[in-house]
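Chain residues, written in single-letter form:
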2 protein chains.
Amino acid sequence: MAHDTNVTWHEHQVSPEVRARLHGHKGCVIWFTGLSGSGKSTVANTLDHLLSHRGVHSTVLDGDNVRHGLNAGPGMLRETHGEAFAERFGLGFTAIDREENIRRIGAVAHLFSQAGLVALTAFISPYRQDRDLVRATMRAGEFIEVYVDTPLAVCEERDPKGLYKKARAGEIKHFTGIDDPYEAPVAPELVLYAAEKDPDALAHEVIDYLIAEGIIPAAPLR
Amino acid sequence: MAHDTNVTWHEHQVSPEVRARLHGHKGCVIWFTGLSGSGKSTVANTLDHLLSHRGVHSTVLDGDNVRHGLNAGPGMLRETHGEAFAERFGLGFTAIDREENIRRIGAVAHLFSQAGLVALTAFISPYRQDRDLVRATMRAGEFIEVYVDTPLAVCEERDPKGLYKKARAGEIKHFTGIDDPYEAPVAPELVLYAAEKDPDALAHEVIDYLIAEGIIPAAPLR
């Protein structure tokens, strides 16, 4: 069909400025990247709590809520949408599927940011190019890349979901850090050393950054 | 890989109750459905403005912002992600692609609702089963189906994007209402008669419903 190129932006939308005034802060995307077990989800959720307490509207996108819905695998889609649909649209863990996984998360995080929220994403997102493509969809300053820099040995020691053990045993293939690469950000907005500090201290480092950049006010909103 | 079934919910998330207290209202999905040109987008954007003025946090998902990102067609993806990727993941307008289009929009609207926002979606969403599958992912009362009931003759007369003309000329195939069916909701939460009233009056009908259901307070929040 010819629709693909017929898309035009609706002219009557509420402007970002009006949304920012309504929320009392700007929208943005805080993109946590790092190895499995590095602490991304824990820091993101801790930050979400701290932001809530300050009256800042935020949300967390992580593997847990995204893999249940938006980026469901074939197994989940088969039950609700049938075999052919699951085959066509279910996301697995191959290179191209991971790329699409990150692309969709970036698109949704962008929608949240445009809605005026502070969107926190917590995904390994191991490939530099995938992260850079997400960054390229947003305006300057909107995409805040936070590298959760935890040594592999520490992540493997923690192994909260037992995935490293399975990867070492060969039960999981293409596991980031074991038999698949992790490409650290070249110029992230922030680096968090999650082997040396607790989640609360790390979350406060992000808050300090948001205040310094004028995204959230220095004084709590409530 | 074995990840697909290893997904578990993170235990430290901010609860819906805390988010509702923070926002001053509950989250929900207002799902506008109806023919092309029925007025879905206009009413949704008018409602978005009215909600903003009341201090209610909302967002609009419609073809314009979703087709530019999350549900991009092959044409857009080819430029950024290459041919094979575009072929595999680009969404077109076949039956199965439309089903996936609606499934993703439902998943994202659900994430917005869980984040405490009033998410307004404006898509033809012609198939009853697709809408019912979205409804089934949410808690009772969270999915509010709004049937924008505008006669085909009126929509075709308006024809804001000239699509009916193209469909009648055979330039667009599978166009809802012309050579593809529209399945009206059997038991929508609301029906709006958009041929008889203006967008402002219709948006106020939705606001009255939200107040009556206890989703937003009767008094403006600011």
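Scroll up to find the structure.
Residues numbered from 1 in each chain as written. Chains lettered and ligands numbered in written order. Predicted model: local features only at pLDDT ≥ 70, side-chain atom pairs only at ≥ 80, totals over all residues. Heavy atoms only, no water.

Draft legend 1. Structural detail: the overall build of chain A. Tallying secondary structure elements over chain A gives ten helices and five strands in all. Radius of gyration (C-alpha) of chain A: 18 Å, near the 17 Å computed for a compact globule of 222 residues. Based on the C-alpha atoms only, the size of chain A along its principal axes is roughly 55 × 50 × 30 Å. Across the 222 residues of chain A, 55% fall into the buried class. When contacts within chain A are restricted to residue pairs at least 6 apart in sequence, those whose partners lie at least 24 apart make up 74%. Summed over its atoms, the accessible surface of chain A is roughly 9,200 Å², and 54% of this surface lies on carbon and sulfur atoms. Here chain A carries 23 positive and 31 negative side-chain charges, and the mean point of each set is 2 Å from the other. (Helix = DSSP H or I, 4+ residues; strand = E, 2+ residues; numbered from the N terminus. Rg over C-alpha atoms; globule rule 2.2 N^0.38 Å. Buried < 20%, exposed > 50% of the residue type's maximum accessible area, 1.4 Å probe, protein only. Contact = heavy atoms within 4.5 Å. Areas by Shrake-Rupley, 256 points an atom, 1.4 Å probe, with all protein chains shown as cover. Lys, Arg positive; Asp, Glu negative; His and termini not counted. Charge placed at Lys NZ, Arg CZ, Asp CG, Glu CD.)

Draft legend 2. Structural context of the interface of chain B and chain A. Taken together, the contacts link 69 residues of chain B with 71 residues of chain A. Taking both partners together, chain B and chain A bury about 6,400 Å²; carbon and sulfur atoms supply 63% of that area. Linking chain B with chain A are six salt bridges, by the criterion used here. At the level of secondary structure, the elements contributing two or more residues to the side of chain B that touches chain A comprise helix H1 (16–23), helix H2 (40–54), strand E2 (58–62), helix H3 (63–66), helix H4 (74–81), helix H5 (83–89), helix H6 (95–114) and helix H9 (163–168) of chain B. A per-element tally of the side of chain B that touches chain A places H6(B) first, with ten residues. The class makeup of the residues in the side of chain B that touches chain A is 28 nonpolar, 25 polar and 16 charged. (Buried area = accessible area lost by both parts, 1.4 Å probe. Salt bridge = Lys/Arg side-chain N within 4 Å of Asp/Glu carboxyl O. Nonpolar A, V, L, I, M, F, W, Y, C, P; charged D, E, K, R; others polar.)

Draft legend 3. Just the relation of the copies chain B and chain A, in detail. Overlaying chain B with chain A gives an RMSD of 0.0 Å, the required rotation being 180 degrees about an axis along which the chain moves by 0.0 Å. Look at the turn and shift together and you get a two-fold axis relating the two. Considering only C-alpha atoms, the residue of chain B closest to the rotation axis is Val108(B), which sits at 3.5 Å. By residue overlap, the copies meet face to face through one surface: 100% of the interface positions of chain B are interface positions in chain A. (Least-squares fit on C-alpha atoms with pLDDT ≥ 70 in both.)

Draft legend 4. How the structure looks around the nonpolar core. Ranked by internal contacts, the top residues of the largest apolar core, which has 38 residues, are Leu61(A), Val108(A), Phe112(A), Leu61(B), Val108(B) and Phe112(B). When residues of this core are traced back to their parent elements, those giving at least two are strand E1 (28–33) and helix H6 (95–114) of chain A together with strand E1 (28–33) and H6 of chain B. In this structure, Leu61(A) is in contact with Val66(A), Ile105(A), Val108(A), Ala109(A), Phe112(A), Leu120(A), Thr121(A), Ala122(A), Phe123(A) and Leu111(B), ignoring residues within four places of it in sequence. (Core = buried A, V, L, I, M, F, W, Y, C linked by side-chain atoms within 4.5 Å.)

Draft legend 5. Molecular detail of the packing of aromatic side chains. Summed over all chains, the structure comprises nine aromatic pairs over all chains. Ring geometry for Tyr147(B) and Tyr182(B): centres 5.9 Å apart, planes at 20 degrees, overall stacked. With Tyr147(B) in strand E4 (residues 143–148) and Tyr182(B) in the loop between H9 and strand E5 (190–192), this residue pair connects regions lying 35 residues apart in the sequence. An identical accessibility class is assigned to Tyr147(B) and Tyr182(B); each is buried. With a centroid separation of 5.0 Å and an interplanar angle of 80 degrees, the aromatic rings of Tyr164(B) and Phe175(B) are classed as edge-to-face. In this pair, Tyr164(B) is assigned in helix H9 and Phe175(B) in the loop between H9 and E5, connecting sequence segments eleven residues apart. Taking relative accessible area as the criterion, Tyr164(B) reaches 0% and is therefore assigned buried. The positively charged end of Arg67(A) is found above the aromatic ring belonging to Phe93(A), 4.3 Å away from the centroid. (Phe/Tyr/Trp six-rings, centres within 6.5 Å; stacked < 30°, edge-to-face > 60°. Lys NZ or Arg CZ within 6 Å of the ring centre and 35° of its normal.)

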